[in-house]
Protein chains: 2
Amino acid sequence: MGGKTKITKPTLLLDKNKCLANIKAMAEKASKHGLVFRPHFKTHQSLEIGRWFRSQGVEQITVSSLSMAGYFANDGWIDITVAFPVNVLEMEAINQLAEKITLNLLVESIDAIELLNPQLTSSVNIFIKADTGYGRTGIDSTQTFTFQKIIEAVEKSKMMDFSGFLAHAGHSYKCRNVREIEEVHNRSIARMMQLKENFIYAYPNIIASIGDTPTCSVVDNFEGIDEIRPGNFVFFDIMQQQIGSCSFNDIAVVVACPVVAVHPERSEIVVYGGGVHFSKDKIEDEGKVTFGKVAENKNNARGKVIENAFVKSLSQEHGIISAPESVVKETNIGDLVMILPVHSCMTADLMSHYVTLEGERIEKRVNSLE
Amino acid sequence: MGGKTKITKPTLLLDKNKCLANIKAMAEKASKHGLVFRPHFKTHQSLEIGRWFRSQGVEQITVSSLSMAGYFANDGWIDITVAFPVNVLEMEAINQLAEKITLNLLVESIDAIELLNPQLTSSVNIFIKADTGYGRTGIDSTQTFTFQKIIEAVEKSKMMDFSGFLAHAGHSYKCRNVREIEEVHNRSIARMMQLKENFIYAYPNIIASIGDTPTCSVVDNFEGIDEIRPGNFVFFDIMQQQIGSCSFNDIAVVVACPVVAVHPERSEIVVYGGGVHFSKDKIEDEGKVTFGKVAENKNNARGKVIENAFVKSLSQEHGIISAPESVVKETNIGDLVMILPVHSCMTADLMSHYVTLEGERIEKRVNSLE
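Small disclaimer: the values here were computed from a predicted structure and weren't measured.

Explain the pattern of salt bridges here, please?
Working definition: two side chains of opposite charge can pair if their charged atoms are close together. All names here are of chain A. Under the counting rule described, the total for this entry stands at 36 salt bridges over all chains. For R38, the salt bridge goes to D79, with nearest N and O atoms at 3.1 Å. You can see R38 sitting in the loop between strand 2 (36-37) and helix 2 (47-54) and its partner D79 sitting in strand 4 (residues 79-85), a full 41 residues away along the chain. Comparing R38 with D79 shows no difference in burial state: the two are buried.

Teacher, can you tell me more about unusual backbone geometry here?
Most peptide bonds are trans, and most residues other than glycine sit at a negative phi. One non-glycine residue, N308 of chain A, adopts positive backbone phi at about 60°. Mapping N308 of chain A onto the fold places it in strand 16 (residues 301-314). A positive phi angle, close to 55°, is found at S267 of chain B, a residue other than glycine.

Would you mind going over the interface of chain B and chain A with me for this structure?
Buried accessible area, meaning the area lost when the parts come together, often serves as the stated size of an interface. If you look at the interface, chain B gives 63 residues, while chain A gives 63 residues. Contact with chain A buries surface across chain B, with L89, R136 and Q316 of chain B losing the most and accounting together for 14% of the total. Here D281 of chain B ties to K280 of chain A by a salt bridge, and the two come within 3.2 Å at their closest N and O atoms. Joining chain B to chain A, the criterion identifies 18 residue pairs in polar contact (both at pLDDT 80 or more). Of all the elements in the fold, those that place two or more residues in the side of chain B that touches chain A are helix 3 (66-73), strand 4 (79-85), helix 5 (110-116), strand 11 (253-263), strand 12 (268-272), helix 10 (275-278), strand 17 (318-322) and helix 12 (344-350) of chain B. Of the residues belonging to the side of chain B that touches chain A, the class tally is 25 nonpolar, 22 polar and 16 charged.

Is there a simple way to think about the relation of the copies chain B and chain A in this case?
Copy one and copy two of the chain differ by a rotation about a common axis and a shift along it. When chain B is fitted onto chain A, the two copies agree to an RMSD of 0.0 Å after a turn of 180° and an axial shift of 0.0 Å. The transformation relating the two chain copies, once decomposed into turn and shift, fits a two-fold axis. The position closest to the rotation axis in chain B is occupied by the C-alpha of K280 of chain B, lying 2.7 Å away. Counting the interface residues of chain B, we find that 100% of their copies in chain A are interface residues as well, pointing to one common contact surface.

For this particular structure, what's the right way to read the nonpolar core?
A general tendency of soluble globular proteins is for nonpolar side chains to be buried together. Counting 123 residues, the largest nonpolar core has L14, I49, I94, L105, L116, F165 and F235 of chain A as the members making the most contacts within it. With near-sequence residues (within four places) excluded, I94 of chain A lies in contact with L66, V86, N87, L103, L105, L116, L120 and V124 of chain A. Residues I94, V124, V219 and F236 of chain B belong to the second largest nonpolar core, which totals 121 residues.

Sorry, what's going on with empty space enclosed by the protein here?
The rolling of a water-molecule-sized probe over the atoms marks out the regions of remaining empty space. In total, this model carries seven cavities of 30 Å³ or more according to the counting rule given. The calculated volume of the largest cavity comes to roughly 110 Å³. If you go around the largest cavity, the residues you meet are V276, D349, L350, V366, N367 and S368 of chain A together with V276, D349, L350, V366, N367 and S368 of chain B. Contributing elements (two or more residues each) for the lining of the largest cavity: helix 12 (344-350) of chain A together with helix 12 of chain B. The class makeup of the residues in the lining of the largest cavity is six nonpolar, four polar and two charged.

Looking at this structure, I do not really get the state of the cysteines. What am I missing?
Every disulfide links exactly two cysteines, by a covalent bond between their sulfur atoms. Residue and element names in this part refer to chain A. Applying the stated rule across the entire model yields zero disulfides over all chains. C19 takes part in no disulfide bond, and the closest cysteine sulfur, belonging to C345, lies 12 Å away. On the accessibility criterion, C19 (0% relative accessible area) is buried. Cysteine C345 shares no disulfide, and the gap to the nearest cysteine sulfur, in C246, comes to 12 Å.

Teacher, can you tell me more about the pairing of strand 6 (residues 124-131) of chain B here?
Successive side chains on a regular strand alternate, one facing one side of the sheet and the next facing the other. Residue and element names in this part refer to chain B. Burial within strand 6 is extensive, with eight of its eight residues counted as buried. Burial of the side chains of strand 6 extends over both faces: V124, I126, I128 and A130 are buried on one face and N125, F127, K129 and D131 on the other. Here strand 5 (residues 102-107) runs beside strand 6; their pairing, made up of four bridges, is parallel. Of the residues in strand 6, the one forming a bridge with N104 is N125. Note on the crossover from strand 5 through helix 5 to strand 6: the handedness is right-handed. Strand direction decides the pairing type here: strand 6 and strand 8 (residues 160-166), joined by six bridges, are parallel. Pairing of N125 across the sheet is with D161, part of strand 8. Examined bridge by bridge, strand 6 and strand 7 (residues 139-140) share two bridges and lie parallel to one another.

Reading guide: rules and limits
Residues numbered from 1 in each chain as written. Chains lettered and ligands numbered in written order. Predicted model: local features only at pLDDT ≥ 70, side-chain atom pairs only at ≥ 80, totals over all residues. Heavy atoms only, no water. Salt bridge = Lys/Arg side-chain N within 4 Å of Asp/Glu carboxyl O. Helix = DSSP H or I, 4+ residues; strand = E, 2+ residues; numbered from the N terminus. Buried < 20%, exposed > 50% of the residue type's maximum accessible area, 1.4 Å probe, protein only. Contact = heavy atoms within 4.5 Å. Buried area = accessible area lost by both parts, 1.4 Å probe. Polar contact = N/O pair within 3.5 Å; in protein donor to acceptor, adjacent residues only side chain to side chain. Nonpolar A, V, L, I, M, F, W, Y, C, P; charged D, E, K, R; others polar. Least-squares fit on C-alpha atoms with pLDDT ≥ 70 in both. Core = buried A, V, L, I, M, F, W, Y, C linked by side-chain atoms within 4.5 Å. 1 Å grid on protein atoms, 1.4 Å probe; cavity = no way out; pocket = protein on both sides within 12 Å on 5 of 7 lines; lining within 4 Å. Points joined across faces, edges and corners; volume = space filled by probe spheres on them. Disulfide = S-S within 2.5 Å. Pairing = 2+ DSSP bridges. Right-handed = clockwise from strand over helix to strand, strands pointing away.

The structure is reproduced here in structure tokens:
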């Protein structure tokens, strides 16, 4: 810390160099494979960090809500995909955005097209959500006839252009090593390729877009894919480390939490830092439920991960850390403990800003205010 | 809805009448038992709702952070307990508050007293956190000697006054009926009574304060207790219903979520409403992991709870609802689904405001901005 910002409360620290390296590595990977790099900005939700992407040549982005699209459109982003089934109740926001930027919307039914069409006052691009095995949202990629019907409905509309297919292989989050990620990915892109082949002659410019950090981080086969939309890789987190997408060293964020109590008798440390700072995503790590992992505090930046030191539970404002006796013994009230979050997207969403290791404050969007 | 606010995004609806009834019932219960009613405001975090308490005669409140204390102090609350182990890194906030209000702080070690004492510029009251069986924070209530040492350290300080003991029987959250809650409560207050008895002759004015919604809602024995600090009861939620603290009918909040996709083939509805709106607390209900329960939409207020309709998973912005075929069949894109949250404190924390059934917007504190 350069001392510009004194840390007194749970604070999201950002290692700018790690973050820039993560951005550069993914941009280079996309370029090497001839892919459009359309990063998902829902992870960082920051204009400043968005500009770091821009300086790497990124011009097209992904977001997860119309509010987030509006936030980035105001900073000069003019080609934005809202990778979320279109919310037809927000027609006003859709029309306002569509008037000034290239707005790419996502649909997964004819109903959505029919609700959108009569209300659109500016043209939008339409992606159809394909389910390639995740089973959360989208149309089963083998249902060619359903896709055909939706495409026809899009083509009939004067305000919509059919852009292609969008998938999210979210089941890659269940993987625990590179081989498993590759298997999920290969099955997923094989289904995307088949889907695209069915329509490429009629629509030669269609785009096949995929988007998860685990696959984009580790695979090297993007056959038939035109665009990638990973988001989490900008920071990574311990869930990604566990999946196999990154190493601990790649994780660019850490939450500095004040110690408020120390309990040597049960080898625990209580910190100010709870569910309202971390959210409540958790992983199982060596049989233990873990809400965050503890790293060394090196002059208020984070050092190495400490073995067997982890957040065992979170209340609204409290975090309870279980740690080896030797660590607890050296910890005092008023110290700052460095906690690597389980899920950096959710943690960042809860915070209003980042503080870099140089002490610079970086603002971000506050989700609840829009 | 009176139509003053059009709902287009996930929106936290508040049934003001239910909320007022919950406040009134708890205030009357405290009064009946001769207890000081010091409600925890971390659940609602709203100045307006705070005033509803004031109109029921409440003059003393509880919060979970110094930032929250500052927020309410600015609205004329002059006696505030921060029921969280004191964060000594926030001395500036402590001194500013202590100068203008009666500030009650919580400690659980001599270390905290020794760090506080030389830095205090105005006087504060000190509660000592007693662990009566929960095991999260506090000093085991049977460790009389440790309490004695802390009390002596407090008494030696010119800036601190010893106020009493504070406990939170958080293990009542594991209960599933009134009998279990009563058992936890009776064990907990027996320990508080013993602790108080050890010190009452030396300090005749000490206060024994307890605080969880399950016990305060259902028990009728407060022997030896002087003050209660429940918070969640102001809204309740499905976790409290499951514990046995309330009925579905008492729950005063519901999140209205736009439907963005309907999947009859898997009997699912996809809504705009995810972890960034609900947080990710969950319960097990009839063997199924549940992130929220679906109620009928009666003119954009909530009706009865729908059997077997629940949120089965949450992503950052998506909620996936599993519902009976008949319900899915009648649901359309653009409808609003009413979801009762698992944990209303966490859900409210994520939102910037409430909308009453009459369409009135009620502002609240946004945690991340302070």
